[in-house]
Amino acid sequence: MAYVPDVERLEALTDRLLLAGGRDSCGELPYRAAAFLAERLNTPLRLFPGGHTGLTTHPEEFGALLRKALADPS
């Protein structure tokens, strides 16, 4: 919880970042960190199914959204 990301370095990489959070995790620590960075870097926060482990609880929907996000990062 003491980790502080290098926001200046991340700003230089926004074209390669895909920030995401689980729909069921809103307000929880991992989600809040991703939401903060998305807002700070002025980049979208993608919402994925489930919570922190949505890739295992909703694999088909998660995979489809991830493929779409990686194919069209805008």
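Residues numbered from 1 in each chain as written. Predicted model: local features only at pLDDT ≥ 70, side-chain atom pairs only at ≥ 80, totals over all residues. Heavy atoms only, no water.

(A) View of helix H4 (residues 59-71). Here H4 contains 13 residues, and its C-alpha end-to-end distance of 18 Å stays within 8% of the 18 Å for a straight helix at 1.5 Å per residue. Residues Phe62, Gly63 and Ala69 constitute the buried set of H4. Axial view of H4: buried residues confined to an arc of 130°, hence all on one face. Exposed side of H4, more than 90 degrees from the buried face: Glu60, Arg67, Lys68 and Ala71 are the residues found there. Buried residues along H4 sit against strand S2 (45-48) and helix H3 (54-57). (Helix = DSSP H or I, 4+ residues; strand = E, 2+ residues; numbered from the N terminus. Expected span 1.5 Å × (residues − 1). Buried < 20%, exposed > 50% of the residue type's maximum accessible area, 1.4 Å probe, protein only. Arc of directions from axis to C-beta. Contact = heavy atoms within 4.5 Å.)

(B) Quick peek at the packing of aromatic side chains. For the structure on display, the rule yields 1 aromatic pair. Considering the side-chain rings of Phe48 and Phe62, the 4.8 Å spacing of their centres and the 45° angle between planes classify their relative orientation as tilted. Of this pair, Phe48 sits in strand S2 while Phe62 sits in helix H4, and the two are 14 residues apart along the sequence. Residue classification places Phe48 among the buried positions, given a relative accessible area of 5%. A residue is classified by how much of its surface remains accessible, and Phe62, at 19% relative accessible area, is buried. (Phe/Tyr/Trp six-rings, centres within 6.5 Å; stacked < 30°, edge-to-face > 60°.)

Scope: geometric values only; no functional claims are made or implied.
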